[in-house]
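Observations on the model geometry
So the chains spell out like this:
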Amino acid sequence: MRIVIASGKGGTGKTTLAVNLAYLLAESRQVILADLDVEEPNAGLFIRGDQVLHEDRYKMIPQWKEDACTLCGICQGVCQFHAVIQLGTMIMVFPELCHSCHACSGLCPESALPMVPKKMGTLTHLRTGNLDFVEGRLDIGEEQAVPLIRQTKQYLDDHSPDGAIRLVDAPPGTTCPVIEATRDADFVILVTEPTPFGLHDLKLAVLTMREIRKSFGVVLNRYGTGNDDVLDYCREENIRVLARIPHDRKIAELYSAGKPVYQDVPEARRSLDEIVSWLDETWGKKAL
Amino acid sequence: MRIAFTTRGTDWDAMMDPRFGRTEFFLVFDEKTGVLTHFDNRETGNEAHGAGPKTAQHLFNLNPDILITGNGPGGNAASALEKSGIMVYYGANEMTVREAYEAYKNDELSTV
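Everything numeric in this text was worked out from a predicted model, so none of it was measured.

The subject of this paragraph is the overall build of chain B. The number of helices and strands found in chain B is 4 helices and 6 strands. Its helices and strands in sequence order give chain B the pattern β-β-β-α-α-β-α-β-α-β, from N to C terminus. Taking 112 residues into account, the globule formula puts the C-alpha radius of gyration at 13 Å, and chain B, at 12 Å, falls close to it. Across its three principal axes, chain B shows a C-alpha extent of roughly 35 × 25 × 25 Å.

And the structure:
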């Protein structure tokens, strides 16, 4: 079972939900939590465990061989991202713009653009009890999140404990990194807040999930603030609201101290229980 | 000297475009011949990625000695321009092209 926790708007509580759900489920089952928000991973702030792995991750980029190049220009014509350009008698490569598609390299008739590895970030794997935690972390200055998200997912496929529930903390927004983080999910939880911004971005996230044909439900965080527009929207659109997590200062205090909240905030615990029992009923005890 | 400007229009009274990668036009003034020409860069402005390098390439093909712009190029464009040997003057925000040229001649602009 693969559950991805996403949102349109940033700062709605994806990490809070992902981490707390992971700890709660790990009380009785095997869980692997992955932080795929590689541009600003923060779920790791809540996890203390033994290090299983910490290693550098690389992407492949073209490297210009001046001696072999005949300046035919095929490479720069084929790159949709302008990561390879020709300036007079010179070919310039912009590694941060490169999506590692190999087109320039493969189509070069003189083999003047061989692909070479370039470090883009790190991958970390921690373990504590029933909970495994995997984090991709992009280096500062790197612009492409997707290659590292893809590698982190591959690592999850290869190293998840048998039968573990996979929980993913996704990046915010609705762009390529979110698509990559959600594309193989069985179920997506969209976390939002009852504000005009929350509703606006939730609508975008819903359109995205419908486009890529994912089943999804909504968790309304900071319930009690703002207005009822999100609930009205979900009702009109026939979207299941899985839980309403109340706005509570205690949650913010625990979060800011890097602690899970559900043991100390009964309302938060109740919300998580609601989500888990719905998932259990819908997806079956065995799958979960 | 051939001097290129990032602009929003095609004559001396046009406003400068403060952006480099997504500038609408380049105006190129050839001081020797006195001829003013322009290049339409608006298609690059719609690119999702890599507008800086693409625009740097267009600029290179216009063969200027000097670029006068507003905010200054971003990282990718800056490294392309550095290789190209074009001198970059920036800080010509909220000026017409004519005013920007005067500011350059009076040494009022910053250089990279």
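Further remarks concern the domain arrangement of chain A. Residues and elements named next belong to chain A. The domain boundaries assigned to chain A delineate domain 1 (2–57 + 121–283) and domain 2 (64–113). Interface area, domain 1 with domain 2, both sides summed: about 390 Å², of which 47% is carbon and sulfur. Interface area lost by domain 1 to domain 2 is led by Glu142, Glu143 and Gln144, which between them contribute 79%. Along the contact surface separating domain 1 from domain 2 lie 0 salt bridges. Among the residues making up the side of domain 1 that touches domain 2, the classes are represented as no nonpolar, 2 polar and 2 charged.

Let's shift gears to helix 7 (residues 229–236) of chain A. Residues and elements named next belong to chain A. Taken together, the buried positions of helix 7 are occupied by Val230, Leu231, Tyr233 and Cys234. Projected down its long axis, helix 7 carries its buried residues within an arc of 160 degrees, all on one side. The exposed residues of helix 7 that point more than 90 degrees off its buried face are Arg235 and Glu236. On its buried side, helix 7 packs onto strand 9 (187–192), helix 6 (196–211), strand 10 (216–223) and strand 11 (241–246).

The next point concerns the pattern of salt bridges. Residues and elements named next belong to chain A. For the coordinates displayed, the defined rule picks out 26 salt bridges over all chains. A salt bridge links Asp157 to Arg2; the nearest nitrogen and oxygen atoms lie 3.0 Å apart. Here Arg2 lies in strand 1 (residues 2–6) and Asp157 lies in helix 4 (residues 146–159), a separation of 155 residues in the sequence. Between Arg249 and Glu253 there is a salt bridge; the shortest N-O distance is 2.8 Å. Separated by 4 residues within a single helix, Arg249 and Glu253 lie in helix 8 (residues 249–256), roughly one turn from each other. Residue class for Arg249 comes out exposed when judged on its relative accessible area of 65%. What makes Glu253 partly exposed here is its relative accessible area of 40%. Beyond isolated ion pairs, a larger network of salt bridges with shared partners links Arg2, Arg150, Lys153, Asp157, Arg166, Glu180, Arg183 and Asp184.

Turning our attention to the sheet that holds strand 6 (residues 110–111) of chain B. Residue and element names in this part refer to chain B. Strand order in the open sheet made by the 6 strands is 3-2-1-4-5-6, with mixed pairing throughout. Strands with a single pairing partner mark the edges of an open sheet, and in this sheet they are strand 3 (35–40) and strand 6. As judged from the 3 bridges shared by strand 4 (residues 66–68) and strand 5 (residues 87–90), these two strands associate in the parallel manner. In the strand pairing of strand 5, Ile68 is matched with Tyr89.

Residue and element names in this part refer to chain B. Contact pair helix 2 (residues 51–62) / helix 3 (residues 75–84): the axes reach a minimum separation of 8 Å and the direction vectors enclose 25 degrees. In terms of their interaxial angle, helix 2 and helix 3 are classed as roughly parallel. The interaxial crossing formed by helix 2 with helix 3 has right-handed handedness. From helix 2, Gly52, Pro53, Ala56, Leu59 and Phe60 reach across to helix 3, where they touch Asn76, Ala77, Ala80, Leu81 and Ser84. For the contact of helix 2 with helix 3, the class distribution of residues is 7 nonpolar, 3 polar and no charged.

Let us look at the sheet that holds strand 3 (residues 50–62) of chain A. Residues and elements named next belong to chain A. One open sheet holds the 9 strands; their spatial order is 3-6-7-2-8-1-9-10-11, and the pairing between them is mixed. Of all the strands in the sheet, the pair left with one neighbour each is strand 3 and strand 11. Neighbour to neighbour, the strand axes of the sheet diverge by 20 degrees on average, direction disregarded. Pairing of strand 6 (residues 115–128) with strand 7 (residues 131–138) involves 8 bridges; the strand directions are antiparallel. When the sheet's bridge partners are listed, Leu123 is paired in strand 7 with Gly136. Helix-sheet contacts for helix 4 involve strand 1, strand 2 (31–35), strand 3, strand 6, strand 7 and strand 8 (165–169), and the interaxial angle to strand 6 is about 45 degrees. Strands strand 9, strand 10 and strand 11 of the sheet are contacted by helix 7, whose axis makes an angle of about 165 degrees with strand 10.

Parameters and conventions
- Along each chain, residue indices are assigned from 1 in the same order as the chain's sequence is written.
- In the order they appear in the text, chains get letters beginning with A and ligands get numbers beginning with 1.
- Per-residue local features of the predicted model are confined to residues with pLDDT of at least 70, and side-chain atom pairs are confined, for both listing and counting, to 80 or more; whole-chain, interface and lining totals are unaffected and use all residues.
- Hydrogens and waters are ignored; side-chain quantities use all the structure's heavy atoms.
- We count a stretch as a helix when DSSP gives it H or I for four or more residues in a row; a strand needs E for two or more, and each element gets its number in order from the N terminus.
- The globule rule used for comparison is 2.2 Å times the number of residues to the exponent 0.38, while the radius of gyration itself is calculated over C-alpha atoms.
- These domain boundaries are the output of an automatic or database domain assignment.
- Buried area adds together the accessible area that both of two parts lose upon being put together, with accessible area traced by a 1.4 Å probe.
- Any carboxyl oxygen of Asp or Glu that lies within 4 Å of a side-chain nitrogen of Lys or Arg is treated as forming a salt bridge with it.
- All amino acids are sorted into three groups, where Ala, Val, Leu, Ile, Met, Phe, Trp, Tyr, Cys and Pro are nonpolar, Asp, Glu, Lys and Arg are charged, and the leftover types, Gly among them, are polar.
- Think of it in three bands: residues with accessible area under 20% of the maximum for their type are buried, residues over 50% are exposed, and the middle band is partly exposed, with areas taken using a 1.4 Å probe on protein chains only.
- Working note: the arc is built from the helix axis to C-beta atom directions.
- We call two residues in contact when some of their heavy atoms are within 4.5 Å.
- What makes two strands pair is DSSP finding at least two bridges between them.
- Axis definition: a line fitted to C-alpha atoms, limited for helices to the stretch in contact. Angles are taken between N-to-C directions and run from 0 to 180 degrees.
- By definition in this entry, angles of less than 35 degrees are roughly parallel, angles greater than 145 are roughly antiparallel, angles of 65 to 115 are roughly perpendicular, and the rest are oblique.
- With the far helix as reference, a near helix turned anticlockwise by less than a right angle produces a left-handed crossing, and one turned clockwise produces a right-handed crossing.

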